[in-house]
Structure formats: structure tokens, C-alpha cells
Amino acid sequence: MKLNAALPVLVATLLAIATQSAALKVGYYNDKKCAGVEPIVRDEVYKTLNYDRSKGAALVRLFFHDCWVKGCDASVLLNPSSKNPYPEKVAGSNIGLRAFDVIDKIKARLEAVYPGVVSCADILAFAARDATRYLSDGHIDYAVPSGRLDSVVSRAKDADDTLPSSTASFPDLKKNFGKKGFDVEELVVLSGAHSIGVAHYPSFKDRLAAPGNEIDAKYQLALRNAAKNKSRTVANDIRDESYAFKRDAGYYTVVTGRKDYLNNTYYHNAMDNRVLFKSDWVLRTDAFALSKLKEYRDKPKEWDSDFADALVKLGKLLPAEGKGLLEIRKKCSAVNTY
Ligand code: HEM
Ligand SMILES: *[C@@H]1O[C@H](CO)[C@@H](O)[C@H](O)[C@H]1NC(C)=O
Ligand SMILES: *[C@@H]1O[C@H](CO)[C@@H](O)[C@H](O)[C@H]1NC(C)=O
């Protein structure tokens, strides 16, 4: 590319870096006279979840995986390209990530009304909030500080080096969260997100052979039966499993409600040794974490509000200043060309 063509973009990028260093602000787009931004995101998320509720869990996880790796910068949304064949999206630790189509749809709608204004990182933060609100029937709700920018860097290796593993020990998890400024209580609070969504075989196969103290025997039997089909996903929350699975597991709690209801069931499962991942189980191995599991089992409203606070905090992880260029992408799956 010729320098004269690149210059305006360079200037725009430098301005963008300057903006990012300012703090995020609730109502950022209202201040920019774009008051339709958050309503458009909500409308699209609600429309999507009305016909496929399962995408709500996917949006919440996308947000976590975006923010955990180099801050909330939409780096997780980038597709492989000839220049960058291994973006975060293809990392092993990003197994099962989905709902990219929802973000793309929202972006297209916003570009039609407010071209070049809304970052993909903000769209994801709003969409995750709207999904939690929807899936909790409004019990979990919070204002989202915004004004993020999108990065042009995305590497699978960064995701694999940064995201916690489903086979992590408690000390691993504590260290992993500590690096991001999250304490053990927040680790326990955020793990409650596993009351929704599904997992693929590689994420829980170790649990099929876990020793008896780490997993309820009947739940393990149900998992083994389900895993005879390795393509089958398993619900993170036994509450949302099939009738056959629950019968195998001796889980007699009658649930007539919808799947993927975002509440504190995770903590009931944890105390009953019926959580899916080893990383869920190990929370019981630490006395303080265990006391928090019990607390959130017994105080559903406290979990709702602590979970909301933790998601706001998650959204404040930002790319380090000056590290790489930032922009407002035109499409969330690709960097702007310059
Ligand atoms: C504590 C460390 C964590 C570990 C080790 C972990 C691990 C995993 C794994 C292995 C899966 C299944 C992926 C698959 O096989 O498809 C999963 C799913 C999920 N995780 Fe986590 N996770 C953690 C924390 C979190 C946090 C902090 C959140 C959000 C606040 C979250 C939200 C979700 C959701 C919603 C799903 C279901 C996604 C879907 O249905 O598409 N997880 N997690
Ligand atoms: C295995 O699970 C996949 C995904 O749910 C399903 O499409 C397929 O029909 C299942 N195969 C068998 C043999 O049940
Ligand atoms: C969580 O939601 C499910 C589904 O609506 C419901 O059956 C269950 O009672 C709730 N759990 C708690 C602990 O309130």
C-alpha cells in the first residue's frame, strides 16, 4: 500500500489509541448522539434467543473469552485470513465457541444506522449483558460501561496461554484469575455461569474416569452413557439434560422450566458433586471457595448481584495502552484493511 493512502488511516488509528486510554463510560453512545445503539443490540439478542435460547450461553462465554485474552477488544471474533491463519478463534481452548453470527448481524444493523461508530468489543459486552438479562428473566441486569475499541491482533497461542483449562487444579485457577485481578470469590461467582450452556466431549472426557470422591457415581455413569456418542454435547447443568440422562444419574428434581435458566443451580450441583468439569469440582478443594459455593447455593439473590458485578469488572479488562493498533471494525470478523 502506498504511504499517502495509509496516512489518513494511521492518523485515525492514533486518535483511536488516544480514546481508548480514557475510561469506559455508561451511556457512551448516548453522549455520541447514538441513543439507538443499545436498544438495537438488545432487540437483536432478544429476537435471536426467542427462537434459539441456547445462543445466550454462547454469547456469555464469547464475552469471557474475549476479555480474558488481552482485554475486551473483539480479538476473539476475527476469522482466519491469509495474513493471520491462526487467530484466537481456532485455539484449542476456544473449542465450541459459537454465536458469532449473532454479533455479525448486530454489527450489520448498527453499521446501517451509525456507520463506523460502534466497536465490536462493545457490541459483545452489550450482547452478553442482554443475554444474561434474558436468561435470568431480568434478575441479572446491569449497566455496561462502553467506549472500547477493536484490536487488529489475534493469536491462537495467546488464547491457549491465557484461558483456564477444564482440567485445571484449584491453585492453577486461583493463579489464572489472580493474574487478571480476580480473587477466589470472583472465581466462584463467575464459575456459576456453568448453570447454562453445553460442552463437547474433549472438555469433560477426563471426568469419565475421575475417582469417586470427585464426582457423583450415578452422574458419572450418566456421563459415560452420554459419551458413547462422542459428537453429543452434554449440558453443563444436569438440570438441562435429557430425561434418559437424568434417569441414569438418579436426578429426580422435576424441571418443567426452560433450559438455560441463569440462576444459582450450579451451586446446588457443586455441593451434590454433579458439576461437569474438573475445574468446577476443584472449587470444593479449597476451604474458602467451598464456603462460597455453599453461600451462593443458599443465597440466590446474592449470586445474581455478585455475578452482575463480576461481569462489569470483566468488561473493564482492556488492551494494554500502546500495545498494537486499535480501531472500530467495519465487520467484526475481519480487521479493516489499511
Ligand atoms: C473458571 C474457569 C473456567 C473454565 C476452566 C471453563 C471451561 C469451560 C469449558 C471447557 C466449556 C465447554 C466448552 C465446550 O466443550 O464446548 C465451557 C463452557 C461454558 N463456559 Fe466456561 N469455563 C470457565 C469459566 C467461565 C466463565 C468465567 C464464564 C462466564 C462468565 C463461563 C461461561 C461458560 C458458558 C456460558 C459455557 C457454555 C457455552 C455454550 O453453551 O456455548 N465459563 N467452559
Ligand atoms: C450422535 O450425536 C450427534 C449430535 O447430537 C447426532 O447428530 C447423532 O445422530 C448421534 N449419533 C448417534 C449414533 O446417535
Ligand atoms: C433455577 O431455575 C430452574 C429452571 O427455571 C428452576 O427449576 C430452579 O428451581 C431454579 N433453581 C433455584 C435454586 O432457584
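The name given to the chain in an unreviewed UniProt entry is Peroxidase, with Digitaria exilis as the source organism. UniProt, in its Catalytic activity (unreviewed entry) section for the chain, records the words "2 a phenolic donor + H2O2 = 2 a phenolic radical donor + 2 H2O". Heading Subcellular location (unreviewed entry) of the UniProt record for the chain holds this comment: "Secreted".

Novice: Got a minute to help me understand the coordination of the iron atom of ligand 1 in this structure?
Specialist: No other protein atom reaches the iron atom of ligand 1 as a donor apart from H194 (NE2), found 2.1 Å away. Its location among the elements puts H194 in the loop between α9 (184-191) and β4 (198-199).

Novice: Is there a simple way to explain the site of ligand 3 in this structure?
Specialist: With respect to spatial proximity, the complete set of residues near ligand 3 consists of R239, Y261, N263, N264, T265 and H268. Taking N263, its side chain carries an N or O atom lying 2.4 Å from an oxygen atom of ligand 3. In the complex, the protein chains occlude 62% of the 360 Å² of accessible area that ligand 3 would expose alone. Residues that form the shell around ligand 3 fall into these classes: one nonpolar, four polar and one charged.

Novice: Can you help me understand the domain arrangement of the chain in this one?
Specialist: One frequent convention defines the size of an interface as the accessible area lost when the parts assemble. Assigned domains of the chain: these are domain 1 (3-163 + 315-327) and domain 2 (170-313). Distance from the C-alpha centre of domain 1 to the C-alpha centre of domain 2: 26 Å. Contacts between domain 1 and domain 2 engage 25 residues on the former and 22 residues on the latter. Per-residue buried area on domain 1 facing domain 2 is highest for R53, W68 and I140; these three make up 29% of the total on that side. We note a salt bridge from D137 to R258, for which the minimum N-O separation is 2.9 Å. At the boundary of domain 1 with domain 2, the tally comes to 13 residue pairs in polar contact (both at pLDDT 80 or more). Breaking the side of domain 1 that touches domain 2 down by element, the ones donating at least two residues are α4 (55-68) and α6 (120-135). With five residues, the single largest contributor to the side of domain 1 that touches domain 2 is α4. When the residues that make up the side of domain 1 that touches domain 2 are grouped by side-chain class, the tally is 13 nonpolar, seven polar and five charged.

Novice: Before we go on, may I ask you to explain the packing of aromatic side chains in this structure?
Specialist: Centre-to-centre distance and the angle between the planes together describe a pair of aromatic rings. One pass over the full model with this rule turns up 14 aromatic pairs. Taken together, a centroid distance of 6.0 Å and an interplanar angle of 85° make the contact between Y201 and F204 edge-to-face. Pair noted here: Y201 and F204 are both in helix α10 (residues 201-204), with a separation of three residues, about one helical turn. For Y201, a relative accessible area of 18% corresponds to the buried category. Between Y266 and Y267, the ring centres sit 5.1 Å apart and the planes meet at 85°, which makes this aromatic pair edge-to-face. According to the relative accessible area criterion, Y266 is buried, its value standing at 1%. By relative accessible area, which is 0% here, Y267 ends up buried. Linked through ring pairs, Y266, Y267, Y296, W303 and F307 together constitute an aromatic cluster. Positioned over the ring face of F182 is K313, at 4.6 Å from the centre of the ring.

About the thresholds
Residues numbered from 1 in each chain as written. Chains lettered and ligands numbered in written order. Predicted model: local features only at pLDDT ≥ 70, side-chain atom pairs only at ≥ 80, totals over all residues. Heavy atoms only, no water. UniProt positions renumbered as here; feature names shortened; annotations may be inferred. Donors = N, O, S within 2.8 Å, 3.2 Å for Na, K, Ca; no water. Helix = DSSP H or I, 4+ residues; strand = E, 2+ residues; numbered from the N terminus. Near = heavy atom within 4 Å. Polar contact = N/O pair within 3.5 Å; in protein donor to acceptor, adjacent residues only side chain to side chain. Areas by Shrake-Rupley, 256 points an atom, 1.4 Å probe, with all protein chains shown as cover. Nonpolar A, V, L, I, M, F, W, Y, C, P; charged D, E, K, R; others polar. Domains from an automatic or database assignment. Contact = heavy atoms within 4.5 Å. Buried area = accessible area lost by both parts, 1.4 Å probe. Salt bridge = Lys/Arg side-chain N within 4 Å of Asp/Glu carboxyl O. Phe/Tyr/Trp six-rings, centres within 6.5 Å; stacked < 30°, edge-to-face > 60°. Buried < 20%, exposed > 50% of the residue type's maximum accessible area, 1.4 Å probe, protein only. Lys NZ or Arg CZ within 6 Å of the ring centre and 35° of its normal.

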